[in-house]
Amino acid sequence: MKTYDVAIIGAGVIGTSIARELSRYKLDIALIEKEVELAFGVSKSNSGIIHPGTQNPPGSLKGRLCVQGNTLIRKISKELGVDFKEVGELIVAFDEDDIKELLRLKKEAEVLGVPGLKIVDKKWLEKNEPNLNSAAVCGLYAPTAGIISPYRLVYDLAENAVRNGVKIFTNTKVININRADKYFEINTSSGLFRSRYLVNAAGLFADEISGMLGINDFKIKPRKGEEFILDKKKADLARHLIFPLPSKISKGVLIIKTADGNPMIGPTAEDIEDKEDLSTSDAGINRVLASARRLIPSINDKDIIAYFAGLRPASGDDFIIRHEETCPGFINVAGIQSPGLTASPAIAVLTANILKKNGLWLRKKIIFHAHRKKTVHLFEIQLSKTGSLIKKDHAYGDIVCRCEMISAKEISDAVRRGAKTMDGVKFRTRAQGGRCHGSFCTTRIMKILAEETQMPLIEITKRGKGSEIVKEDRVND
Amino acid sequence: MIKRGLVIVGGGPAGMAAAISAYENGVKDILLLERDQYLGGILNQCVHTGFGINYFKEILTGPEYAERFIEKVKNIPEIEVSLKSIVVSLLPDKTITFLKPGRLETIKAKAIIMATGCREKTREMVHIQGTRPSGIFSAGLAQKLINIEGLLPGKEIVVVGSGDIGLIMARRFTLEGAEVKAIIEIQKKTRGLLRNMVQCVEDFNIPVYFNHKISRIYGKDRVEKVSACKVDDNFNEIQGSLFEIKCDTILMSVGLIPENELIEMTGARIDGNKTSVPGIFMCGNCLKIYDLVDGVTEDSFLTGKLAADYIRVRHPSLQR
Ligand SMILES: Cc1cc2nc3c(=O)[nH]c(=O)nc-3n(C[C@H](O)[C@H](O)[C@H](O)COP(=O)(O)OP(=O)(O)OC[C@H]3O[C@@H](n4cnc5c(N)ncnc54)[C@H](O)[C@@H]3O)c2cc1C
Ligand SMILES: Cc1cc2nc3c(=O)[nH]c(=O)nc-3n(C[C@H](O)[C@H](O)[C@H](O)COP(=O)(O)OP(=O)(O)OC[C@H]3O[C@@H](n4cnc5c(N)ncnc54)[C@H](O)[C@@H]3O)c2cc1C
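Note that the coordinates shown come from a computational prediction; the quantities given were computed from them, not determined experimentally.

### Concerning unusual backbone geometry
Part 1 of the reasoning: In this model, G266(A) is joined to P267(A) through a cis peptide bond whose omega is -5°.
Part 2 of the reasoning: Looking at where P267(A) falls in the secondary structure, it is placed in the loop between β16 (263–266) and β17 (270–271).
Part 3 of the reasoning: The backbone of K94(B) sits at a positive phi, close to 65°, despite the residue not being glycine.
Part 4 of the reasoning: The topology assignment puts K94(B) in the loop between β6 (86–90) and β7 (95–100).
Part 5 of the reasoning: For K94(B), a relative accessible area of 11% gives the class buried.

### Quick look at the sheet that holds strand β16 (residues 225–230) of chain B
Residue and element names in this part refer to chain B.
Part 1 of the reasoning: Sheet architecture is open: 3 strands sit in the order β15-β16-β17, paired in antiparallel fashion. A single partner strand is all that each edge strand has here, and the edge strands are β15 (212–218) and β17 (243–246). Neighbouring strand axes in the sheet, compared pairwise and without regard to direction, differ in orientation by 30° on average.
Part 2 of the reasoning: The sheet contact formed by β16 and β17 spans 4 bridges and is antiparallel. Paired with K225 across the bridge in β17 is K246.

### Thoughts on the site of ligand 1
Residues and elements named next belong to chain A.
Part 1 of the reasoning: The environment of ligand 1 is formed by 40 residues, the closest being E33, S43, I49, I336 and T342.
Part 2 of the reasoning: Within the backbone of V174, a nitrogen or oxygen atom sits 2.9 Å from a nitrogen atom of ligand 1.
Part 3 of the reasoning: For ligand 1, an oxygen atom lies 3.1 Å from a polar atom in the backbone of Q337.
Part 4 of the reasoning: Contact with the protein chains removes 98% of the 1000 Å² of surface that ligand 1 exposes when unbound.
Part 5 of the reasoning: Counting only elements with at least two residues in the shell around ligand 1, the list comes to α1 (13–22), β13 (221–230), β18 (304–314) and α8 (340–357).
Part 6 of the reasoning: Residues belonging to the shell around ligand 1 are distributed by class as follows: 17 nonpolar, 17 polar and 6 charged.
Part 7 of the reasoning: Here the shell around ligand 1 gathers at least three residues from each of two domains, domain 1 (1–83 + 148–219 + 315–374) and domain 2 (84–147 + 221–313).

### Quick word on α8(A)
All names here are of chain A.
Part 1 of the reasoning: In α8, a bend of some 40° at A346 exceeds every other bend along the element.
Part 2 of the reasoning: Counted residue by residue, α8 has 13 buried out of 18 residues, so it is predominantly covered.
Part 3 of the reasoning: Once α8 ends, the next one or two residues include G359, with phi positive near 100°.

### As for the site of ligand 2
Residue and element names in this part refer to chain B.
Part 1 of the reasoning: Neighbouring residues of ligand 2: 35 residues in total, closest A14, E34, H48, V87 and N285.
Part 2 of the reasoning: A distance of 3.4 Å is found between an oxygen atom of ligand 2 and a backbone nitrogen or oxygen belonging to A115.
Part 3 of the reasoning: Contact between ligand 2 and D291: an oxygen atom at 3.4 Å from a main-chain N or O atom of the residue.
Part 4 of the reasoning: Surface burial for ligand 2 is 95%, taken as the share of its 960 Å² of free accessible area covered by protein chains.
Part 5 of the reasoning: Secondary-structure elements contributing two or more residues to the shell around ligand 2 are α1 (13–24), β6, β9 (118–120), α3 (139–147), α4 (164–175) and α7 (293–314).
Part 6 of the reasoning: When residues are assigned to domains, the shell around ligand 2 turns out to be shared by domain 1 (2–117 + 259–318) and domain 2 (121–252), each giving three or more.

### As for the confidence of the model for chain B
Part 1 of the reasoning: On average, residues of chain B score 96 in pLDDT, and 100% of them reach the 70 mark or higher.
Part 2 of the reasoning: Predicted complex, confidence summary: ipTM 0.95, pTM 0.96.

### What to know about the nonpolar core
Part 1 of the reasoning: Core analysis: the biggest nonpolar cluster contains 52 residues, and I8(A), L22(A), L153(A), I321(A), V333(A) and I347(A) have the highest contact counts within it.
Part 2 of the reasoning: For this core, the secondary structure elements donating two or more residues are β1 (3–9), α1, β2 (29–32), α2 (61–80), α5 (150–163), β12 (191–200), β20 (330–334) and α8 of chain A.
Part 3 of the reasoning: The element that contributes the greatest number of residues to this core is α8(A), accounting for 8 residues.
Part 4 of the reasoning: Those residues in contact with L153(A) that sit more than four places away from it in its chain are V13(A), I73(A), L80(A), V82(A), I148(A) and L341(A).
Part 5 of the reasoning: L141(B), M169(B), I206(B) and L251(B) belong to the second-largest nonpolar core, a separate cluster that totals 44 residues.

### Concerning the domain arrangement of chain B
Residue and element names in this part refer to chain B.
Part 1 of the reasoning: One can read the domain layout of chain B as domain 1 (2–117 + 259–318) and domain 2 (121–252).
Part 2 of the reasoning: Taking only C-alpha atoms, the centre of domain 1 and the centre of domain 2 are 33 Å apart.
Part 3 of the reasoning: At the interface, 10 residues of domain 1 touch 11 residues of domain 2.
Part 4 of the reasoning: Here domain 1 and domain 2 share 4 residue pairs in polar contact (both at pLDDT 80 or more) between them.
Part 5 of the reasoning: Split by residue class, the side of domain 1 that touches domain 2 holds 5 nonpolar, 4 polar and 1 charged.

### Some words on α5(A)
Residue and element names in this part refer to chain A.
Part 1 of the reasoning: Along its 14 residues, α5 runs 20 Å from first to last C-alpha, staying within 8% of the 20 Å computed at 1.5 Å per residue.
Part 2 of the reasoning: Counting buried positions along α5 gives 11 out of 14 residues, so the element sits mostly inside the fold.
Part 3 of the reasoning: Those residues of α5 that sit buried are P150, Y151, R152, L153, V154, Y155, D156, L157, A158, N160 and A161.
Part 4 of the reasoning: The elements touched by buried residues of α5 are α1, α2, β8 (146–148), β9 (167–169), α8 and α11 (422–429).
Part 5 of the reasoning: Once α5 finishes, G165 follows within two positions and takes phi at roughly 105°, a positive value.

### With respect to the interface of chain B and chain A
Part 1 of the reasoning: Contacts between the two partners involve 49 residues from chain B and, on the opposite side, 52 residues from chain A.
Part 2 of the reasoning: Both sides of the chain B and chain A interface together cover about 4400 Å² of buried area, and 55% of this is carbon and sulfur.
Part 3 of the reasoning: When the area that chain B buries against chain A is broken down by residue, the three leading residues are E124(B), Q129(B) and R132(B), summing to 16%.
Part 4 of the reasoning: With a closest N to O distance of 2.7 Å, K155(B) and E472(A) form a salt bridge.
Part 5 of the reasoning: The interface formed by chain B and chain A holds 25 residue pairs in polar contact (both at pLDDT 80 or more) in total.

### A few points about the domain arrangement of chain A
Residues and elements named next belong to chain A.
Part 1 of the reasoning: Segmenting chain A into domains produces domain 1 (1–83 + 148–219 + 315–374), domain 2 (84–147 + 221–313) and domain 3 (378–459).
Part 2 of the reasoning: Taking the mean C-alpha position of each, domain 1 and domain 2 sit 28 Å from one another.
Part 3 of the reasoning: With 39 residues of domain 1 at the contact, the number on the domain 2 side is 39 residues.
Part 4 of the reasoning: Approximately 3000 Å² of surface area, both sides summed, lies buried where domain 1 meets domain 2, with 60% of it carried by carbon and sulfur atoms.
Part 5 of the reasoning: Taken together, domain 1 and domain 2 are joined by 4 salt bridges.

### Considerations on the side chain of N200(A)
Residues and elements named next belong to chain A.
Part 1 of the reasoning: With respect to the helices and strands, N200 occurs in strand β12.
Part 2 of the reasoning: Here N200 falls in the buried class, since its relative accessible area comes to 0%.
Part 3 of the reasoning: When residues no more than four places from it in sequence are discounted, the contact partners of N200 are I9, A206, I209, S210, F330, I331, N332 and V333.

### Notes on the packing of aromatic side chains
Part 1 of the reasoning: In the structure shown here, the tally under the stated rule is 16 aromatic pairs over all chains.
Part 2 of the reasoning: Between Y55(B) and F56(B), the ring centres sit 4.9 Å apart and the planes meet at 80°, which makes this aromatic pair edge-to-face.
Part 3 of the reasoning: Classification of Y55(B) by relative accessible area gives partly exposed; the value is 30%.
Part 4 of the reasoning: Joined through ring pairs, the aromatic side chains of Y55(B), F56(B), Y65(B), F69(B) and F301(B) make up one cluster.
Part 5 of the reasoning: The ring of Y155(A) is capped by R428(A), whose NZ or CZ atom sits 3.7 Å from the centre of that ring.
Part 6 of the reasoning: Over the face of the ring belonging to F56(B) we find R68(B), whose NZ or CZ atom lies 4.9 Å from the ring centre.

Conventions used here
Residues numbered from 1 in each chain as written. Chains lettered and ligands numbered in written order. Predicted model: local features only at pLDDT ≥ 70, side-chain atom pairs only at ≥ 80, totals over all residues. Heavy atoms only, no water. Helix = DSSP H or I, 4+ residues; strand = E, 2+ residues; numbered from the N terminus. Buried < 20%, exposed > 50% of the residue type's maximum accessible area, 1.4 Å probe, protein only. Pairing = 2+ DSSP bridges. Axes fitted to C-alpha atoms, helices over the stretch in contact; angles between N-to-C directions. Near = heavy atom within 4 Å. Polar contact = N/O pair within 3.5 Å; in protein donor to acceptor, adjacent residues only side chain to side chain. Areas by Shrake-Rupley, 256 points an atom, 1.4 Å probe, with all protein chains shown as cover. Nonpolar A, V, L, I, M, F, W, Y, C, P; charged D, E, K, R; others polar. Domains from an automatic or database assignment. Bend = angle between axes of the 7 residues up to and from the residue. pLDDT = per-residue confidence, 0-100. Core = buried A, V, L, I, M, F, W, Y, C linked by side-chain atoms within 4.5 Å. Contact = heavy atoms within 4.5 Å. Expected span 1.5 Å × (residues − 1). Buried area = accessible area lost by both parts, 1.4 Å probe. Salt bridge = Lys/Arg side-chain N within 4 Å of Asp/Glu carboxyl O. Phe/Tyr/Trp six-rings, centres within 6.5 Å; stacked < 30°, edge-to-face > 60°. Lys NZ or Arg CZ within 6 Å of the ring centre and 35° of its normal.

Here you go:
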C-alpha cells in the first residue's frame, strides 16, 4: 500500500488551499472528501466576501490571517484565473454612539494592519452609495474588501493541485483513524489510506475527526446563517459591500455583492445543534429583510430569486490551528468560521510551516505549475468577445440557461472538469441559478451530464446519492 | 450592421400569429427569432386537449394548435425563421443582438414585436422556507419531463397552488400511476379554469385544500414531507391547524410572470400592445398572462397589424 507524505481530510476551501500550497513541494498528497464533489460543505454557502480584516480583535489569529489572506488571494486568483473584485466595504453609522464605535473599529483594524481605512461623511455616502438610507450619518470605508466566487475558487484550486500531483478522493468518508508506529492508518468508506502526516480540515466535523485520535478538547458548534439572493437586475443596488454596526435590531445583516453579479442580503447568525440543518426559516427571511432595509430601504422581497443557509464551524471565538503534541504529525485546522474564506491562503501557508517545523521536509519542485487557464464564463465577458468565441466553437452560441446566458460548451466543460451533479454544474457555471431556477434548463443539463459521464438519466442527482432528480425513465427502462 | 424590417422575438403562438398578421397586412421583410430548436413555444409540451375552442371552434392538443400556425409560417417566404437564436440584447434604437450556434449577430430593425412568453413563479418567489432537496419542480418543468422526455419526476405528489398547469399535471401524474396527495391553494378558490377543476381534479378525487398554505418543506436529499396549515384572510397561519403530508415531490403552480427582461433593458414603458419606444410592440404572454392560447392568438393578430400600420407610415419601402 502507498504511504502518502500528507493526507488532508476535507476538500473545502481550507483543505484545497492546503493541498495546493503543499503541491509546490516534492510530496505525495492525498485529499480526502466524503461528498461526491468538492466544496459541498461550508465552502459552498457563505457570503463570498474577501474581508479587509476589520471587526476582528487585534490579538486574534483570525484577524492576522484575514489581513494576510486578503493580500495573498490577489496573487492566487490571478494565477488560477478566478475573478477577484476589489469592491470596497462601508460600515455605516446612524448616530453618535455608532460613530464612537466606528472609530474604535478603525483603531483596532489599524493595529491589525488593515490598509487605507477612512471615515467618509454623509456627502460622500450620498454621492457614492445613492440607495443608502438617508439617515446614515457617516461610514468607515475599507477599500481592500473584495468578492470572489467561493466554490469556483475551490474547484480551481483543486484542479491546479491535481495538475501538480495531488490525488483527490471524493465519496470517501473517514470513519476512524489509527496512529500506528510510523504512520496514520485512515479507514474510509472506500478503503484504507496511509500517511506520515495528517491534516484535519473537516469543517463542521473537525471535532469528530480530532476525536478519532483521542483529542477531544474542542467542540464545533454550528452557527447558522441564512442568505437571500436577489435578481441580477438589481446589480446596482449597492456599489460597495455594506455593513451595519451590530445593534439591537440588526445582528449584522449585510448588503452583499456576489461574483455572479447578483446582490445578496444576509446572513443571520443563530447557534444550532444539528450539523446538517441547512433549512431556511420565515423568521430568517423576515429578520434579514428588516435589517437589510435599514441599510437600503428600497429592497423589494419580490426580487428574491434564491436562498440558502450555511453553518459556520465555530469553536469559541478564534481559529484552532496547531500541531497536536500528543499525536505527532497530526495538525488540526479547525473552528474555521468567518473569515475563513478570506484567510484560506494564509492558513495554507501557516499549515505548511507547522508541518515543516514538525519534521516534514519541504523540497521545492523544479517545476510547479502555478498558472491555470481561466475558465470562460459568457456572463463575465463583453458580447463582442462572445462573438469571436462562438466562431471558434459553435457550442458557445448554444445557450442552455437562458436567464444567466450559459452555453452548452460551458456546461460540457464543467462536466469534463469534474462536475458530477446538477449542483456541481450550478456552482461551476451558474446554470439553474437564475430567476427561473432551472425550470427551463434542467432537462437539457441532465442530458449533457448523462452524455458526458455515460450515466443513465435516472441516476443524475442534485448533489449525490439519494437526491436523484427523477424516479423513473419510461422511455429507456 | 445588417438592417432588417420587422423582427419578432419569440416563435410561440404569439410570435407566429404576429408574423402572419404583419405579412397579411402588407409587410414584406419579417425575421422571426426563436431560441428553441422548434417553433410553437410552450404549446409543444402541452399534449392535453382544450386548445382552439374559441379560435378554431375545435378541440385540439397544444402541438396540433401550434402546427396549424407553423404550417402557415412555413408557407410564407417573406417570413424568415431563425431557430436556436436567442436574443441577448435589445437597445432603444432597435438594435438587436442574438446568439446562435456558430455566430453572434447584431441587426438593426425598423420595427420589433416582442413575443417572449412567460415563466413560472418559483418556490423562492413565494418564499416557502425549509430545506432545498431534490424533488421540487415547477409544474411546467414536470410537464416537460413527463411529456417530452418520458421521465417520471416522482410518485407521491403535493401540488402547491391551483394554477391550470398544476391542475393539468395533477391529472397527468395520476394517470401515470403516481399519487397526488393534495393540492394546496392559499386563496378561497382556484386560480385555474373551472373546466380544469372538474376534469382534472374532481373526476380523479384529488383532495384540494383551499385557504391553506405550505409552511415548510422537509427532507435532506429528497423531499420527505411538507407541513401545511389553514390561513386567515391575511394569509397568516391559523393556530392549531398545522398538519403534515408525506410526499417525495412538490409541484409549484403559483402563477406565471411575463418574461420582460429585454424590454426592461431598453427602459421602455409598456403601453397596451405598444411601448414608449415607437416601433417596439408586445404581444402574448409577455404582455399579459392569458388563460387560453386563443386569447394570445387574437391579441397577436392585432399587434401584427399595429406593426404593419407603423411600417406603412414610417417605412413605405418595406411594404409589399
Ligand atoms: C453564512 C456564512 C457566511 C460566511 N461568509 C464568509 C465571508 O463572507 N468571508 C469569509 O472569509 N468567510 C465566510 N464564511 C466562513 C467560510 O465559509 C468558512 O470559514 C470556510 O468555508 C470553511 O472552509 P472549510 O474548508 O474549513 O470547511 P468545509 O467547506 O465545510 O470543508 C470541510 C470538508 O470536510 C468534509 N468532511 C467532513 N467530515 C469528513 C469525513 N469524515 N471524511 C471526509 N471528509 C469529511 C466535508 O464534507 C467538507 O467538504 C461564512 C460562513 C457562513 C456559514
Ligand atoms: C409551463 C406552461 C404551461 C402552459 N400550459 C398552458 C395550457 O395548457 N393551455 C394554455 O392555454 N396556456 C398554457 N400556458 C400559457 C401559455 O404561455 C400560452 O397559452 C401561450 O403559449 C403563450 O404564447 P406566447 O407565444 O406568448 O408564449 P410562449 O408559448 O411561451 O412562446 C414564447 C416563445 O418566445 C421564445 N423566446 C423567449 N425569449 C426569447 C429570446 N430572448 N430570444 C428568442 N426567443 C425567445 C421562447 O423560446 C418561446 O418559444 C402555459 C404556460 C407555461 C409557462
